[in-house]
Amino acid sequence: MINRKEAKGLAHGKLILTGEHIVVYNKPAIAIPFPLQIRAGISQKSGEITVSSKLYNGRLHDLPGEMLGLQVCVNKSLELCHQPNEGIHIEITSDIPEGRGLGSSAASAMAVVRGIFEYFHKFLSDEQLFFLVELAETYAHGKPSGIDMMAVASEEPILYQKPEGVVKNLVSPNPFHIVVADTGQIGDTKKAVEHVNALKVEKPKVFLNVIDEIEEIVKKAQKAILEGNIGLLGALFVANHEKLKELNVSNSMLDHLVEVAIGSGALGAKLTGGGMGGCIIALAMDRKDAKSIAKTLKEQGAKTVWDFSTNSSKVYKLGH
Ligand code: MEV
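Here the structure is a predicted model, which means the values were calculated and not measured.

Novice: Just give me the short version of the site of the ligand, but keep the residues and values in it.
Specialist: Close to the ligand lie 14 residues; K14, H21, V23, S145 and D148 are nearest. Within the side chain of K14, a nitrogen or oxygen atom sits 2.8 Å from an oxygen atom of the ligand. A distance of 2.5 Å is found between an oxygen atom of the ligand and a side-chain nitrogen or oxygen belonging to S145. Comparing atom positions with the cavity grids shows the ligand to sit within the largest cavity. When contributions to the shell around the ligand are tallied by element, the ones reaching two or more residues are β1 (6-18), α4 (147-153) and α5 (189-202). Across the shell around the ligand, the residue classes tally to six nonpolar, five polar and three charged.

Printed below as a string of structure tokens:
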């Protein structure tokens, strides 16, 4: 029997609580880990590198356009491990749906890089990890702010701002009970970022006002998290969603789910991530409320709904 070598890399998803889009323009944003996982299994095989995942099965060399970042990232990882471009199979399995603003592209690149370094027993520094994931993310997002990869690598909520990066971890005295509802629509982050940039070019005054207002929301949210003030944080979600509407990145399904969440007892709700599809997040008073908000969101059209508390890695799911 052949003694096959195998290794595994893991990463989790992320949720942006506040500050998406403005973070691209060197303003602050807050993100938290979302404990849905992506696993990359690396195993020995002869010949060309192959990949299996929900989106693609075949040679690394033939990866489709939207996954090209992963190809570049794998090739560079092998180069840094001083290994040839052959002899492994990469199997990606994921609990995080793609294109929903939940960090699946950054998390899959991170899991693959971790898996490759583990497989070759090479030390992976944070600097190398972020460099390699950024390669993949640049293909996926155009000019990403970097918040996604920092959030999928962090076990704590983070305050992030370019050019510094993670400004600090935001540890709250109270857990937050969060419901995430998926519209079922793919939200193209690259397109959404371009959309906001178009507003900046066409209506610079409006753009600058909105991003300053969102920055104020982020600052207040930071304080609310550190004080464990969930009522205030909920109200800030609502205010942030209104401003994201002004940036033209919401749509009728996202607005509908935000209204349903608030109508069923959420302290606040907003779209999360790039928008134009993807997911909303809602803040609940406690676990019981989170369950009932999740159920209503599912009944009112969300494709999948998850709920979790920030003091636990357990995620509950309705739908598929
Ligand atoms: C995407 O999760 C967040 C955006 O702000 C884009 C970025 O920061 O790269 C929309």
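Here the narrative resumes, following the displayed structure.
Novice: Got a sec to walk through the layout of surface pockets? Specific residues and values, please.
Specialist: Size it by volume and the largest pocket reaches roughly 830 Å³. Every residue lining the largest pocket is counted, 34 residues in all, and those nearest its centre are E66, E98, G99, S104 and S105. At the level of elements, α1 (68-80), β5 (88-94), α2 (104-119), α3 (126-141) and α5 are the ones that each hand at least two residues to the lining of the largest pocket. It is α3 that contributes the most residues to the lining of the largest pocket, five residues altogether. Here the lining of the largest pocket is composed, by residue class, of twelve nonpolar, 13 polar and nine charged. Approximately 430 Å³ is the volume attributed to the second largest pocket.

Novice: Run through the sheet that holds strand β12 (residues 315-319), naming residues and quoting values.
Specialist: Ordered by their spatial adjacency, five strands build an open sheet running β9-β10-β8-β11-β12, and the pairing between neighbours is antiparallel. Where the open sheet ends on each side, the last strands, each with one partner, are β9 (268-272) and β12. With strand direction ignored, the average angle separating the axes of adjacent strands in the sheet is 20°. Note: strand β8 (residues 177-182) against strand β10 (residues 279-284), six bridges, orientation antiparallel. Looking at β10, one finds that V180 is bridged to I281. Helix α7 (residues 230-246) contacts β9 and β10 of the sheet and is inclined by roughly 45° relative to β9. In this fold helix α8 (residues 252-263) packs onto β8, β9 and β10, with an angle of close to 155° to the strand it touches most, β9.

The rules behind each value
Residues numbered from 1 in each chain as written. Predicted model: local features only at pLDDT ≥ 70, side-chain atom pairs only at ≥ 80, totals over all residues. Heavy atoms only, no water. Near = heavy atom within 4 Å. Polar contact = N/O pair within 3.5 Å; in protein donor to acceptor, adjacent residues only side chain to side chain. 1 Å grid on protein atoms, 1.4 Å probe; cavity = no way out; pocket = protein on both sides within 12 Å on 5 of 7 lines; lining within 4 Å. Sits in = over half its atoms within 2 Å of the grid points. Helix = DSSP H or I, 4+ residues; strand = E, 2+ residues; numbered from the N terminus. Nonpolar A, V, L, I, M, F, W, Y, C, P; charged D, E, K, R; others polar. Points joined across faces, edges and corners; volume = space filled by probe spheres on them. Pairing = 2+ DSSP bridges. Axes fitted to C-alpha atoms, helices over the stretch in contact; angles between N-to-C directions. Contact = heavy atoms within 4.5 Å.

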